[in-house]
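Given next are the chains, with one letter for each unit.
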Amino acid sequence: MTTTLRADAARNRERVLATARAVVAEGDLSLQLNEIARRAGVGVGTVYRHFPTRRALLEALATDAFATLLDQARAATHEDDPWDGVELLLRAFLRGQLGDPALAEVLATPAEQDATTQTTAGRAELGALAATVLEQATRAGRLRPGLTLDDLQHLVCGTAFAARIAGTPRHRDELYLTVLLAGVRAPDPGGGSPPAD
């Protein structure tokens, strides 16, 4: 009997998440839990048992995208060329935010708002990995002097916003990323433009 209840609970959780994903895909990030319950065909109590707050539901929606971003950040720390690590990291951040509105909101808000320890731990690991990538690039003289991790996070968030309001972000995000990368790359010591890769 307990196994059946657990299976039912798992199915209900997945139904709620699928409904929430559909709502977000429609452009609605408000995630009204009562409305999610209605659309999912489950009781409001069922939604609140799995996701006691909107933030908890938001973080659950961002879980897969967050895991992918962490994998890419880990890979960026192992690039032979530190600049390649910066490119991989910033591309992962930008694509993640453009591809998943839930992830974009989680990354744009402070850790104090996290609903789960999993999100807080993931955020801490992501920050440490990004700091490693930037430190490697700075030591190699590949990153513009004076840039901090916070600076780069703000620049990526701004670039993602610019790509979204362009109306066709999938067609413009690579151009905007190229501009961003050119701006954060250390100037050529000879005074010219950074060399093309």
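Conventions we followed
- Residues numbered from 1 in each chain as written.
- Predicted model: local features only at pLDDT ≥ 70, side-chain atom pairs only at ≥ 80, totals over all residues.
- Heavy atoms only, no water.
- Helix = DSSP H or I, 4+ residues; strand = E, 2+ residues; numbered from the N terminus.
- Buried < 20%, exposed > 50% of the residue type's maximum accessible area, 1.4 Å probe, protein only.
- Contact = heavy atoms within 4.5 Å.
- Axes fitted to C-alpha atoms, helices over the stretch in contact; angles between N-to-C directions.
- Parallel < 35°, antiparallel > 145°, perpendicular 65-115°, else oblique.
- Nonpolar A, V, L, I, M, F, W, Y, C, P; charged D, E, K, R; others polar.
- Salt bridge = Lys/Arg side-chain N within 4 Å of Asp/Glu carboxyl O.

**Considering the overall build of the protein**
- Assigned secondary structure in the protein consists of nine helices and zero strands.
- The order of helices and strands in the protein, counted from the N terminus, is α-α-α-α-α-α-α-α-α.
- With the C-alpha coordinates of the protein rotated into their principal frame, the extents come out at 70 × 35 × 25 Å.
- Counting the 197 residues in the protein, one finds 37% classified as buried.
- In the protein, once contacts between residues fewer than 6 apart in sequence are set aside, the share between residues at least 24 apart is 68%.

**Some details on the packing of helix α4 (residues 54–76) against helix α5 (residues 82–99)**
- At a closest axis distance of 8 Å, the pairing of α4 and α5 adopts a crossing angle of 170 degrees. Taken together, the axes of α4 and α5 are roughly antiparallel relative to one another. Every residue of α5 that contacts α4 at L69, Q72, A73, A75 and A76 is listed here: G85, L88, L89, A92 and F93.
- A breakdown of the residues in the contact of α4 with α5 according to their chemical character gives eight nonpolar, two polar and no charged.

**Here's the deal with the pattern of salt bridges**
- Under the definition given, this model contains 16 salt bridges.
- With a closest N to O distance of 3.0 Å, E105 and R54 form a salt bridge. Of the two residues, E105 is situated in helix α6 (residues 101–108) and R54 in helix α4; the sequence distance between them amounts to 51 residues.
- Residue E105 is classed as partly exposed on the basis of its relative accessible area of 22%.
- By relative accessible area, which is 28% here, R54 ends up partly exposed.
- The residue R74 makes a salt bridge to E125 at a minimum N-O spacing of 2.8 Å. Of this pair, R74 sits in helix α4 while E125 sits in helix α7 (residues 117–139), placing them 51 residues apart in sequence.
- Through salt bridges with shared partners, a single ionic network connects E87, R91, R95, D173 and E174.

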